[in-house]
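Given next are the chains, with one letter for each unit.
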Amino acid sequence: MSAHGIDETVLPIWDMNNLYGYKDLEDSKYLQDFEVLNKRAGEFRNKYYGKLDEVLDEALKEYSDINEAFSSIDQFVKAFQRTREDDAKVKKTNSWYWAKRGEVEGQAMEWFNLQLMRLSDECVGKWVEKSEYVRLLEPWLKNVRLLAPHSLSEEVEKALTLRENWSGVTPVVEYFSSMLVEAEYTFVHPLKNETETLNESRLLSYLHDKDWRVREVAMKTFNAGLASNKITNFSCLSLNQVAGKEAVENKERKFSSIRASRNMANQLTDDIVKALLTAVRTKGVETNKRFYKLKRQVLKLQTGRDEFTWSDRNAPLNFKAMSEKKHEWDECIKIVKESFYAFSETFGTLFDRLVAEGRIDAPATDGKRGGAFCFLGNPQVGPGVFVNYLGEDNDVATVAHECGHAVHGILTYKQPYLMQHPALAIAEVASIFGEMLVFKKLLDAQPNDALKLEHLMVKINDIMNSVVRQISFDRFEELVHNARQEGFVDVTKMEQFWMQTTREFYGEEGEIFTSYADMQNLWSYVPHFHEVPFYVYSYAFADLTVGSLYSLYERKKDPKFQELLIELLSNGSSKPFTELIAPFGLNGASPEFWTAAFTDYLQPMLEQAEKLASALQASTTTGTA
């Protein structure tokens with residue numbers, strides 16, 4: 001039994017040799033396969049360079065095959081490194097690998113997309129007519145060719161790719177990520193008077209403790225530790241590197257705004273994204289404040305404490321001391337499995353496959369990267385689910401979320417490799433839908449109104465984090481990226497932007513939260529700011545999209561809904577967002593789509609929670625609780 005109250009010895013870990021056919025980063029087979037692919041990439045360039053108009057179908061097939069083979073090795077290297085980020089030897093080998101990959105891309109592969117962009121429409125049209133394979137890849141070709149106005153010369157693109165892993169943003173971001181993993185925090189438990197040395201994941205789990213004193217000390221410890229571990233300083237440097245690169249490249253590539261390149265990669269128009277951001281910054285903020293006002297009232301009803309600080313934002317309600325109720329691994333698997341099967345035989349069967357094939361790495365071990373994610377994989381290696389499981393309710397939801405990603409990945413395998421991975425905005429749909437399935441199962445199983453209120457509040461809290469919180473992150477990025485165009489943005493300015501964003505989305509200090517103390521450094525540990533600029537809005541995009549879909553599913557009980565959703569997920573990146581949701585009768589291009597998502601999705605849950613809370617307060621006042 002671990003310090004967090006679950007049996008960690010039964011938690012599954014990845015067997016690298018079973019999943020990928022390689023033992024570790026020194027495995028001779030992995031190195032040989034890598035060299036074979038390097039040679040094949042060079043031969044590809046020699047054979048097809050400057051000849052795409054003559055042999056487009058043949059070149060596309062070889063390009064796809066090489067990229068798919070590389071992606072299998074890439075996934076192995078990432079998987080091995082993410083579970084051993086404190087190993088200096090692994091870090092060195094990992095750095096070597098990605099530098100070599102950059103060389104291969106720059107020397108042998110980069111030219112392909114650039115020359116695709118420069119083919120005439122007439123040439124591409126002829127190939128679409130005469131080649132079934134080119135016709136199949138027409139959506140992918142269209143997306144690549146949309147980037148033509150934003151591409152630089154072949155020589156410049158090659159130079160940028162070759163330099164990236166040696167002197168560009170990548171090594172800085174990698175070092176920043178390793179600092180997050182290696183950081184240790186000295187936590188003095190205020191109730192037990194015990195001192196623990198914790199990594200990020202274990203320390204942050206205390207923010208879900210039932211006792212406000214534990215949460216308060218955890219928040220102070222984390223906020224102070226980000227500074228004492230020098231994470232604030234290096235995060236500032238890394239974020240300036242990222243935003244600086246974006247500023248230069250956006251100008252050189254003639255993108256119209258700081259999000260334009262991300263929007264294009266997501267196959268979204270600027271207008272759709274603007275409508276999303278506007279809806280969340282207005283209707284979303286209004287709903288956010290309404291929810292946290294309710295949460296403050298319920299916590300006060302339970303504890304008598306009027307203070308409501310930032311460390312209470314994710315506090316449990318504890319009608320049944322949920323923070324003490326741990327879910328052992330087999331119970332977690334049972335909950336997710338039953339939820340997936342209840343929705344769709346396909347979802348359930350694919351989840352069984354993930355478990356049976358050992359595709360989940362679960363323990364929160366030292367040296368392992370924090371958080372959770374999923375490698376979507378390809379038909380050769382399959383997906384990989386990465387979590388740090390501690391047995392909390394939110395950990396069960398996380399398993400459902402990441403396994404939803406994996407189910408999505410498997411469903412896309414029917415597409416050609418180049419069109420398998422969905423755009424980021426759609427990539428979160430299956431994962432959030434998986435969370436909703438688990439939530440509804442647990443909600444319906446609650447034996448009384450107090451416990452129903454607790455589960456509702458937890459879920460609404462999660463949605464606020466996925467929607468409003470993530471768009472507040474997007475707003476912080478906006479402030480930083482705009483400021484970076486004028487020069488270096490120092491730590492003090494980062495803190496100011498962070499607190500400005502907090503006030504915009506959560507109200508002035510005292511309006512709902514009585515204090516914003518001990519949170520000014522929290523901007524410095526968000527990895528998405530560094531790894532994929534403006535990635536974060538995709539969470540809100542997907543959550544509100546899923547909200548619209550799920551509310552439609554519950555209202556209409558259409559027997560074809562599951563079939564339509566599986567078809568949506570199976571399309572990969574072959575269709576844009578508006579086409580994917582059109583079969584459900586939804587218009588993703590309409591600004592009303594986003595505001596309606598709040599009305600149809602969040603408002604009913606919030607109203608139900610408010611009624612339950614009101615009844616609880618009345619019964620408490622009259623002594624009938």
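On a predicted model such as this, the values are computed, not experimentally measured, just so you know.

A.B. asks: Give a detailed account of the pairing of strand S1 (residues 185–188), specifying residues and quantitative values.
C.D. replies: Of the two faces of S1, only one is covered, namely that formed by Tyr185 and Phe187; the face formed by Thr186 and Val188 stays uncovered. Joining the antiparallel neighbours S1 and strand S2 (residues 195–198) is a turn of six residues, in which Asn193 adopts a positive phi near 55°.

A.B. asks: Pulling in residues and values, what's your account of the pairing of strand S5 (residues 384–389)?
C.D. replies: Here S5 lies mainly inside the structure; six of its six residues are buried. Neither face of S5 is open: one carries Gly384, Phe386 and Asn388, the other Val385, Val387 and Tyr389, and all of them are buried. Sheet analysis places strand S4 (residues 373–375) next to S5, joined by three bridges and oriented antiparallel. Residue Phe373 lies in a different strand from S5, and its bridge partner there is Phe386.

A.B. asks: Mind laying out the domain arrangement of the protein chain, listing which residues take part and the relevant values?
C.D. replies: Partitioning the protein chain into structural domains gives domain 1 (8–165) and domain 2 (256–320 + 448–624). The C-alpha centroid of domain 2 is placed 35 Å from the C-alpha centroid of domain 1. Across the contact, five residues belong to domain 1 and four residues belong to domain 2. Each partner contributes to the roughly 330 Å² buried at the junction of domain 1 and domain 2, and carbon and sulfur atoms together form 63% of this total. Put simply, domain 1 and domain 2 have zero salt bridges between them. Seen at the junction of domain 1 and domain 2, the total is zero residue pairs in polar contact (both at pLDDT 80 or more). Looking at the side of domain 1 that touches domain 2 residue by residue, the classes come out as three nonpolar, two polar and no charged.

A.B. asks: Let's hear about helix H21 (residues 491–506): which residues, and what values?
C.D. replies: End to end, H21 covers 22 Å across 16 residues, agreeing with the expected 22 Å (1.5 Å per residue, within 8%). Of all the positions in H21, only Val491, Met494, Phe497, Trp498, Met499, Thr501, Thr502, Phe505 and Tyr506 are classed as buried. In the core, the buried residues of H21 are packed alongside helix H12 (231–252), helix H14 (270–303), helix H20 (449–484) and helix H22 (528–531). With a side-chain oxygen positioned 3.3 Å from the backbone nitrogen of Thr492, the residue opening H21 is Asp490. One or two residues past the end of H21 sits Gly507, with phi positive at roughly 95°.

A.B. asks: Kindly report on the side chain of Asn378, identifying the contributing residues and their values.
C.D. replies: Note on placement: Asn378 falls in the loop between S4 and S5. On the basis of relative accessibility, which here comes to 0%, the residue Asn378 falls in the buried class. Once residues lying within four places of it in the same chain are set aside, the contact partners of Asn378 are Glu68, Ser71, Ser72, Tyr413, Tyr417 and Gln420.

Basis of the calculations
- Residues numbered from 1 in each chain as written.
- Predicted model: local features only at pLDDT ≥ 70, side-chain atom pairs only at ≥ 80, totals over all residues.
- Heavy atoms only, no water.
- Buried < 20%, exposed > 50% of the residue type's maximum accessible area, 1.4 Å probe, protein only.
- Helix = DSSP H or I, 4+ residues; strand = E, 2+ residues; numbered from the N terminus.
- Pairing = 2+ DSSP bridges.
- Domains from an automatic or database assignment.
- Contact = heavy atoms within 4.5 Å.
- Buried area = accessible area lost by both parts, 1.4 Å probe.
- Salt bridge = Lys/Arg side-chain N within 4 Å of Asp/Glu carboxyl O.
- Polar contact = N/O pair within 3.5 Å; in protein donor to acceptor, adjacent residues only side chain to side chain.
- Nonpolar A, V, L, I, M, F, W, Y, C, P; charged D, E, K, R; others polar.
- Expected span 1.5 Å × (residues − 1).

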